[in-house]
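# What the coordinates show
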Amino acid sequence: MTQHLADALPTSTGTQPGWWREAVIYQVYPRSFADSNGDGMGDLEGIRSRLPYLKELGVDAVWLSPFYASPQADAGYDVADYRAIDPMFGTLHDADAVIREAHALDLRIIVDLVPNHCSDQHEWFKQALREGPGTPLRERFHFRPGQGTSGELPPNDWESIFGGPAWTRVADGEWYLHLFAPEQPDFNWEHPAVQDEFRSILRFWLDLGADGFRIDVAHGLVKAPGLPDLGRDEQLKLLGNQVLPFFDQDGVHEIYRSWRRVLDEYAGDRIGVAEAWTPSADRTALYLRPDELHQAFNFHYLNTGWDAQALRAAIDDSLDSMRPVGAPTTWVLSNHDVVRHRTRFGSLARARAAALLMLALPGSAYVYQGEELGLPEVVDLPDEVRQDPSFFKANGQDGLRDGCRVPIPWSGDEAPYGFGSGGSWLPQPAEWAGLSVAAQTGDPASTLELYRAALRIRRAHADLGAGDAVEWLAAPEGVLAFRRGGFVCTVNTTGEAVRLPAAGTVLLASGDIAEPDVLPADTAVWWQG
């Protein structure tokens, strides 16, 4: 049942225009952040209690992954009611408290919105099943008759991101489309009732004080007319760049223009952030035209390896693509869907250097919970504890997402390391005792203190934050060097130390600097020129 509050929440008191252009936004995955009631699952009260930590860390906003009422077939990305909180996370009053306290700390709150699909337990879908073929509720989804002599074959050859057909047959013989799990039927965004409903959902959360929305699968809402066959057997990738008839269709842009009009009705610079997997940065930029959304995740940068030439190309391509539409470029290294970058890059040293590179670039940066602790991917989870639906599908999306979703360590020498009093829904490694917030706080060599220092400098330095360009400087092969006003960043992506003239006074370094003109392997340095 949809929950309601008697009064609306205030929006953030900040008045700086365009705050998102340079914001550092921290992603909280609610079930793995902090558990207040000892059930082993993180919750909203746990988040509220840890907001002072995020304020001290130095971030500007907090993005909350889904906390809506949900059967949890896909960790909350299968929403049964967009206006209610799942009991495992708390109540709407708990969401009220999170937003109010965040605003009191001058932190903004970004809510995760899931418009491509809902849960098969959503009232619309349940009613559509009850009413049968040809009824109005079925038109709000993609129901189709099957192929074959008796309709026993799916309507087309589309595959689910999680593996297997993107269609499931119901008892009356029709099939429905789900680009993800069978429990996640896709909405038909050609239907005006769907469009009206989501504008209403936007207003519900904006009235409650949300400062913006991260839009899940923003590129997937509109499908090509006629739902044409894909015509190949290649398994779809969650962060792939294939050109597909159900992703990145031009029709999505009119939807976001209508959403932008809703956002602009509200004071306080409310924003929309697209999770849009597109074939190129140029295609991503289309979501950020002045009358559409404000930001989009930079998956092209996230997918770039630890290589100076490739990183420079990704940086230039990203900045060049965003500049014509006047949108800020975003930078991200990790999130809840990918292997943590410490593990992807192969070492903590590289992860620390990558963080300084990301935070030196012009635009907005995203930090995934636990990356400020230098957490690695957990790669040895027992099969019996895994919950990622793609893990259970042959040829699915790798099944590796549980490893980046393990609850983060706060304190103590034994699991669950201050996460809560009743264990944790995924087991935490024994070696995480030395990576907890308490263990790293006050240690100048720790990754946590590196992030705190970097965010403090970023906030104070006039040449960091917003912008749309860098000035590249001459550097040896395998080294990146760029200037932003009086600030210089140098990054050595090679496995060997290199000689490079000192660019000024060291502000911060990701590793030890023994000689000012020697840049150690896998190290980044911030300089005041």
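Here goes a summary of the coordinates provided. None of the values given here were measured: they were computed from a predicted structure.

### Thoughts on helix H3 (residues 123-131)
Of all the residues in H3, the buried ones are Trp 124, Phe 125 and Ala 128. Summarising the axial view, the buried residues of H3 lie within an arc of 95°, below the 170-degree limit, and thus occupy one face. In this structure, the buried side of H3 is in contact with strand E6 (143-144), strand E8 (175-177) and helix H4 (192-207). At the C-terminal side of H3, Gly 132 shows a positive phi close to 90°.

### Some details on the pattern of salt bridges
Enumeration over the complete set of coordinates arrives at 33 salt bridges. A salt bridge links Arg 257 to Asp 291, with the shortest nitrogen-to-oxygen separation between them at 3.2 Å. Pair noted here: Arg 257 is in helix H5 (residues 252-263) and Asp 291 is in the loop between helix H6 (281-285) and strand E11 (295-296), with a separation of 34 residues, a long-range link. Arg 401 is paired through a salt bridge with Asp 337; the nearest N and O atoms lie 2.9 Å apart.

### Details of the side chain of Ser 436
Counting through the fold element by element, Ser 436 comes out in the loop between strand E13 (364-368) and helix H11 (437-440). Of note is the side chain of Ser 436, whose polar atom sits 3.5 Å from the backbone oxygen of Ala 433. Residues contacting Ser 436, with those up to four places away along its chain left out, are Leu 373, Pro 409, Trp 410 and Ser 411.

### Examining the nonpolar core
Counting 131 residues, the largest nonpolar core has Tyr 26, Leu 54, Trp 205, Tyr 256, Tyr 301 and Trp 526 as the members making the most contacts within it. With eight residues, the single largest contributor to this core is helix H10 (residues 348-360). One finds Trp 20, Ala 181, Val 217 and Phe 297 within the second-largest nonpolar core, a separate group that totals 32 residues.

### Section: the packing of aromatic side chains
The tally for this structure, following the rule as stated, stands at 33 aromatic pairs. Plain terms: the ring middles of Phe 143 and Tyr 176 are 6.0 Å apart, the flat faces sit at 55° to each other, and that makes the pair tilted. With Phe 143 in strand E6 and Tyr 176 in strand E8, this residue pair connects regions lying 33 residues apart in the sequence. Each member of the pair, Phe 143 together with Tyr 176, is buried.

### Quick notes on the side chain of Ser 258
Tracing the backbone through its elements, the reader meets Ser 258 in helix H5. A residue is classified by how much of its surface remains accessible, and Ser 258, at 9% relative accessible area, is buried. Among the polar contacts listed, one links the side chain of Ser 258 to the backbone oxygen of Ile 255, at a separation of 2.6 Å.

### Examining the sheet that holds strand E1 (residues 24-28)
Spatially, eight strands are ordered E11-E10-E9-E5-E2-E1-E13-E12 in an open sheet, and the strand pairing comes out parallel. On the outer flanks of this sheet lie E11 and strand E12 (330-332), each paired with one strand and no other. Here strand E9 (residues 212-215) pairs with strand E10 (residues 271-274) via four bridges, running parallel. Bridged to Phe 213 within E10 is Gly 272. Docked against the sheet, helix H2 (residues 92-104) engages strand E2 (61-64) and strand E5 (108-113), running at close to 145° with respect to E5.

Cut-offs used in this document
One numbering rule holds for all chains: residues counted from 1, following each sequence as written. With pLDDT at 70 or above as the cut-off, local features in this predicted model cover only qualifying residues; side-chain atom pairs require 80 or more to be listed or tallied, and sums for whole chains, interfaces and linings still use all residues. Hydrogens and water molecules were not included; the side-chain quantities draw on all heavy atoms of the structure. Partly exposed describes any residue whose relative accessible area lies between the buried limit of under 20% and the exposed limit of over 50%, with all areas from a 1.4 Å probe on protein chains only and scaled to the type maximum. Helix numbers and strand numbers start at the N terminus; a helix is a DSSP run of H or I with at least 4 residues, a strand a run of E with at least 2. When we speak of the arc, we mean the arc of directions from the helix axis to the C-beta atoms. Contacts are assigned to residue pairs that have any heavy atoms within 4.5 Å of one another. Salt bridges are counted wherever a side-chain nitrogen of Lys or Arg sits within 4 Å of a carboxyl oxygen of Asp or Glu. For this analysis, a polar contact is any N or O atom pair within 3.5 Å, provided that within protein one partner can donate a hydrogen and the other can accept it, and provided that sequence-adjacent residues contribute only side-chain to side-chain pairs. By nonpolar core is meant a set of buried Ala, Val, Leu, Ile, Met, Phe, Trp, Tyr and Cys residues that side-chain atoms within 4.5 Å join together. Any pair of Phe, Tyr and Trp rings, taking the six-membered ring for Trp, is counted once the centres come within 6.5 Å. Such a pair is stacked with planes under 30 degrees apart, edge-to-face with planes over 60 apart, and tilted for the rest. Here a strand pair is declared whenever DSSP counts at least two bridges between the two strands. Helix axes are fitted only over the stretch in contact, all axes being lines through C-alpha atoms; the angle between N-to-C directions runs from 0 to 180 degrees.

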